[in-house]
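# Survey of secondary and tertiary structure
Single-letter residue listing:
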Amino acid sequence: MQNTAVLQMYVPLVSFIASILGKHSEVVLHDLSQQETSIIAIENGHISGRKVGDAPTNLVLQVLQDKTYLKKEFIANYKAYGKNGKVFRSWSYFIKNQANELIGVLCVNSDVEHFEKAKEWIDSFLHIGEQPQEVEHTGRRDAEHLPEHLHGQAEDVLASMIHHTMMDLPTPPERMTVQEKMEIVKKLYHQGAFQLKGGVHAISKQLKSSDPTIYRYLQKIKEEEKHLL
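Residues numbered from 1 in each chain as written. Predicted model: local features only at pLDDT ≥ 70, side-chain atom pairs only at ≥ 80, totals over all residues. Heavy atoms only, no water.

### Brief notes about a nonpolar patch on the surface
A cluster of nonpolar side chains, contributed by L13, F16, I20 and L21, occupies part of the molecular surface with about 380 Å² of accessible area. If you trace the backbone, L21 turns up in helix 2 (residues 11-21). Residue classification places L21 among the partly exposed residues on the basis of a relative accessible area of 43%. (Patch = residues over 30% accessible without salt bridge, like charges linked within 9 Å, V, L, I, M, F, W, Y side chains within 5 Å. Areas by Shrake-Rupley, 256 points an atom, 1.4 Å probe, with all protein chains shown as cover. Salt bridge = Lys/Arg side-chain N within 4 Å of Asp/Glu carboxyl O. Helix = DSSP H or I, 4+ residues; strand = E, 2+ residues; numbered from the N terminus. Buried < 20%, exposed > 50% of the residue type's maximum accessible area, 1.4 Å probe, protein only.)

### Looking at the pattern of salt bridges
Counted according to the given criterion, the structure contains 4 salt bridges. Between R50 and E26 there is a salt bridge, and its shortest N-O distance comes to 2.6 Å. Remark: E26 occurs in strand 1 (residues 25-31) and R50 occurs in the loop between strand 2 (39-43) and helix 3 (58-66); sequence separation between them is 24 residues. A single burial state applies to R50 and to E26, both of which are buried. A salt bridge links D111 to K86, with the shortest nitrogen-to-oxygen separation between them at 3.5 Å. Within this pair, whereas D111 is found in strand 5 (residues 102-111), its partner K86 is found in the loop between strand 3 (74-81) and strand 4 (87-96), the two being separated by 25 residues in sequence. Residue D111 is classed as buried on the basis of its relative accessible area, which comes to 7%. The class of K86 is partly exposed, set by a relative accessible area of 22%.

### A look at the nonpolar core
Core analysis: the biggest nonpolar cluster contains 23 residues, and V185, L188, I203, L207 and I214 have the highest contact counts within it. At the level of elements, helix 5 (154-166), helix 6 (178-190), helix 7 (199-206) and helix 8 (211-228) are the ones that each hand at least two residues to this core. Looking at which element gives the most residues to this core, the answer is helix 5, with 6 residues. Not counting the four nearest positions on each side in its chain, V185 is found in contact with F194, I203, L207, I214, Y217, L218 and I221. Grouped together as the second largest cluster of nonpolar side chains are 15 residues, L32, I39, F94 and V105 included. (Core = buried A, V, L, I, M, F, W, Y, C linked by side-chain atoms within 4.5 Å. Contact = heavy atoms within 4.5 Å.)

### Structural notes on the packing of helix 5 against helix 7
Look at helix 5 against helix 7: their axes get within 10 Å of each other, and the N-to-C directions meet at 40°. Judged by the inter-axis angle, helix 5 sits oblique to helix 7. Between helix 5 and helix 7 lies a crossing whose hand is right-handed. Contacts between helix 5 and helix 7 pair L158, I162 and M166 from the former with G199, A202, I203 and Q206 from the latter. Along the lines of polarity and charge, the residues of the contact of helix 5 with helix 7 split into 5 nonpolar, 2 polar and no charged. (Axes fitted to C-alpha atoms, helices over the stretch in contact; angles between N-to-C directions. Parallel < 35°, antiparallel > 145°, perpendicular 65-115°, else oblique. Left-handed = near helix turned anticlockwise from the far one by under 90°. Nonpolar A, V, L, I, M, F, W, Y, C, P; charged D, E, K, R; others polar.)

### As for helix 6
Relative to the 18 Å expected for 13 residues at 1.5 Å per residue, helix 6 spans 18 Å between its end C-alpha atoms, a close match to the ideal helical length. For helix 6, the full list of buried residues reads K181, M182, I184, V185, L188 and Y189. The buried residues of helix 6 occupy one face: seen down the axis, they fall within an arc of 160°. (Expected span 1.5 Å × (residues − 1). Arc of directions from axis to C-beta.)

### So, the packing of helix 5 against helix 6
Two numbers describe how helix 5 lies on helix 6: the axes approach to 10 Å, and their chain directions differ by 130°. For the element pair helix 5 / helix 6, the angle class is oblique. Between helix 5 and helix 6 the crossing geometry is right-handed. Where helix 5 approaches helix 6, its residues M161, I162, T165 and M166 are matched on the opposing element by I184, K187 and L188. Among the residues forming the contact of helix 5 with helix 6, the class breakdown is 5 nonpolar, 1 polar and 1 charged.

Keep in mind that these numbers describe shape and distance, not what the molecule does.
What follows is the structure, encoded as structure tokens:
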């Protein structure tokens, strides 16, 4: 069965799952054959602001890059963040073809903000005579991945990945050594940033380098890792 036909079988599930979970849960289906516009079906997209035709998340790109789908059928109970910092509890199911290649991802993102507020109120009510404490929702992470960010357009996904990789660096790009820049490129490579069209140019711009330089870094990283296998 062709990949497109396989994914079309999952489209009705998007509405079905959303009808079970209700309006506070977003259900998304990604077709990874079209990586810049991978979302082919979505319900309750208002909670993240995404729509059909938007790009995959940083987590989906990382799964595609590090081949997590070869070891797991899904990842569950991890945190994701919306553009406004809203926290979601998320699940991702990997859709593979007969050759065991990842062709799509079915995701559920549940808005837990109202549950957090209810839990905080109940905890403060029950802790008689104690100082109220901040309550943070921490879902069990089922895989070693960076926090997922639910952005829409491909350029937003890239910008977020680059920002979170470089935000704590003490040295500005124009003063970085070649090795320091290569380490950033290596981190972004493992996160799947180069799966998206325009990844090389966006990263070269942030690192104050040229596209050919980033391509050379990538080639060297791939050669080094090939020798480690």
